[in-house]
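For reference, the chains in residue letters:
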Amino acid sequence: MRTALLPALALVLLACEGGDGDDAATGGTMVVTTAAPAGSLLPPLVDDSQGKQVTDQIFDHLAEIGTEINTVGDDGFMPRLARSWAWASDSLSIAFYLDPAARWHDGVPVRAEDVRFSHQLYTDPAVASPIAGVIANIDSISVRDSLTAVVWFARRTPEQFFEVAYQIHILPRHLLENVPRTELATSEFARNPVGSGRFRFVRWDPGATIEIVADTANYRGRAKLDRVIWSVAPDPMAAVTKLLAGDADFFEALRRESIPEIEQNPSLRALRYTQLAYTYLGFNNRRPLFANRELRRAIVMGVDRELIVRSVFDSLTRTAIGPVSRALSTADTNIAQIPHDTAAAKAALDSLGWRDANRDGIRERGGRPLRFSVMVPSSSSPRIRMAVMMQEQLRRIGVDMQVDQIEPSTMSARLNSRDFDAAFGAWSLDPSPGGARQTFHSSSAARGGLNYFGYRSPTFDAFVDSAIAEMDPARSRALFRRAYDTIVQDAPVMFVYEFQGLAGVHRRLDITGMRPDAWWADIADWTIAPDQRIARDRIGLRTAPE
């Protein structure tokens, strides 16, 4: 029924572009172009940036982190579905009082049972949410009355409020309680999500477009834009072409070579912003080749990361230092690195028995060449260029790294199934240093977890667990530092570069805030001046001025 109504709905939207009539503060369509599609729009299963951008508009948290992205206690957090909250005297529970005006997009009131149900869904092993390990300290959620949900914690930690408020989107129990947990990913709801956010879902053409529109009766007030469309381009250059042609308004990942064209276009501007993200070349530690710590270290020593990052980005970004970003002010980032040392790398490989006996330039051991393949997303030209440079550097020490350009959704599927030798991926970080637990803790190594590489270190686990539980900020910071030192020296992955956000933006957009952890957090408050609005067709292409 929903699909049958979409063409008529789209015609209404096009005819009524401008939303609430003459209100100059609202109206207009923004098109975001991206070179990678969303994999899921079901919050417990979202594991990519594009899916997160959309679901953060459709679904609400109990409270929203503030612009200072503080993660300790509740300072700076702003009401969302919960209009207020109260801590127990022992800090082992928090009562959240829901806004009685909050409604799901189908008109049903949001209730405390939805909060309890959402926690149960996120933590059900049958769902296999990558968030489950992050919220393990939440013992349970009880319902005091229809508008009061009480969150109970196993222990006091500095970030227990952050864990529940930041990590869990609240989901509608009445629409999901009868869906078998093992079938959630392919359910009707996963294709047509219903939330309580300031935007409501309209349509999703997988691999092509996602469209959301302002929820005009939203309990927090309607979004100022009428609608937002994510339009997938085949690659970053095609995304820039859409921007230059006027068929898109925003592209988050502008590269150095595109800046001159943007600057020469009077309708566009390049906008720098802080971003909590880094890239890595990860080794599948489950494979016998990469189970050896000294081999992984030798490969890292054979790569000149500084030279590669500078060659591709010049001064636009920096070499990564670990599972943390320098932009995260609460983290100790003075981490010792494995140095680039070709001679030491060769010596290490010699000591491990890898020799070039047949003098073809590639080392062998037991008749097997020192060869592996690395998946690189076809949507990322910088990573492709870097991988080729790494390939040449590693060949100098006798390692044959084959570069396989993989379509992003295929790469994601292979990461989830652990079907790869190595992968050149990227992580968008939580504003907490504890996010490293989600991606590298042993508890996240099982299928469904985000520890794709099978890294298991009792030492790393102990430092991270202790740091998360430590109430003293200085001691917590020191423990995280020791965890970072451990993983960098173990080299389950090679940390390559940190993202420095550079967006291509149409000047008609008035942007209100771009949070470092999520530039899209405040899209609902972005505006377009009435005389700058453009009527667009259903696929987001410009048609004519309004």
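Because the structure is a prediction, the values reported are computed rather than measured. (Residues numbered from 1 in each chain as written. Predicted model: local features only at pLDDT ≥ 70, side-chain atom pairs only at ≥ 80, totals over all residues. Heavy atoms only, no water.)

This part takes up unusual backbone geometry. In this structure, Ala-128 takes a positive phi of about 55° despite not being glycine. Relative to the assigned elements, Ala-128 resides in the loop between helix H3 (112-123) and strand S6 (138-145). In this model, Ala-491 sits at a positive phi of 55°, which is unusual for a non-glycine residue. Structurally, Ala-491 can be placed in the loop between helix H16 (473-490) and strand S20 (493-498). Classification of Ala-491 as buried rests on a relative accessible area of 0%. (Helix = DSSP H or I, 4+ residues; strand = E, 2+ residues; numbered from the N terminus. Buried < 20%, exposed > 50% of the residue type's maximum accessible area, 1.4 Å probe, protein only.)

Ordered by their spatial adjacency, four strands build an open sheet running S4-S5-S7-S6, and the pairing between neighbours is antiparallel. Strands at the two margins of the open sheet, each flanked by one partner only, are strand S4 (82-87) and S6. Strand after strand, the sheet turns through a mean of 20° between neighbouring axes, direction not considered. Sheet strands in contact with H3 are strand S5 (93-98), S6 and strand S7 (148-153), and its direction is about 165° off that of S6. (Pairing = 2+ DSSP bridges. Axes fitted to C-alpha atoms, helices over the stretch in contact; angles between N-to-C directions. Contact = heavy atoms within 4.5 Å.)

So, about the packing of helix H10 (residues 305-313) against helix H12 (residues 381-395). Running from N to C, H10 and H12 cross one another at 145°; their axes reach a closest spacing of 10 Å. Every pair of crossing elements has a handedness; the one defined by H10 and H12 is right-handed. Where H10 abuts H12, its residues Leu-307, Ile-308, Val-309, Ser-311, Val-312 and Phe-313 lie against Pro-382, Arg-385, Met-386, Met-389, Met-390 and Gln-393. Here the residues of the contact of H10 with H12 are counted per class, giving nine nonpolar, two polar and one charged. (Left-handed = near helix turned anticlockwise from the far one by under 90°. Nonpolar A, V, L, I, M, F, W, Y, C, P; charged D, E, K, R; others polar.)

Once that is clear, we can look at the pairing of strand S13 (residues 277-283). Counting buried positions along S13 gives seven out of seven residues, so the element sits mostly inside the fold. Residues Ala-277, Thr-279, Leu-281 and Phe-283 line one face of S13 and the alternating positions Tyr-278, Tyr-280 and Gly-282 line the opposite face, and both faces are buried. By the bridge criterion, seven bridges tie S13 to strand S19 (residues 422-428) in an arrangement that is antiparallel. From the neighbouring strand, Ala-277 faces S19, where its bridge partner is Ser-428. Pairing of S13 with S20 involves four bridges; the strand directions are antiparallel. For Leu-281, the partnering residue across the bridge sits in S20 and is Met-494.

Take the packing of aromatic side chains next. Applying the stated criterion across every chain yields a total of 26 aromatic pairs. Aromatic side chains Phe-162 and Tyr-166 sit 4.8 Å apart centroid to centroid with 25° between the ring planes, which places their arrangement in the stacked category. Here Phe-162 pairs with Tyr-166, and both are found in helix H4 (residues 160-167), just four residues apart, close to one helical turn. The burial state of Phe-162 is the same as that of Tyr-166; both residues are buried. One aromatic cluster is present, built from ring pairs that chain together Tyr-278, Tyr-280, Phe-420, Trp-427, Phe-440, Tyr-452, Phe-453 and Phe-495. Between Lys-52 and the ring centre of Tyr-166, over which it is positioned, the NZ or CZ distance is 5.9 Å. (Phe/Tyr/Trp six-rings, centres within 6.5 Å; stacked < 30°, edge-to-face > 60°. Lys NZ or Arg CZ within 6 Å of the ring centre and 35° of its normal.)

Turning next to the pattern of salt bridges. Under the defined criterion, the tally for this structure stands at 31 salt bridges. Here Arg-293 and Glu-294 are joined by a salt bridge, their closest N and O atoms 3.0 Å apart. Residue class for Arg-293 comes out partly exposed when judged on its relative accessible area of 32%. A relative accessible area of 36% means that Glu-294 is categorised as partly exposed. Each of Arg-203, Asp-205, Glu-211 and Arg-227 takes part in salt bridges that share partners, so that together they form one network. (Salt bridge = Lys/Arg side-chain N within 4 Å of Asp/Glu carboxyl O.)

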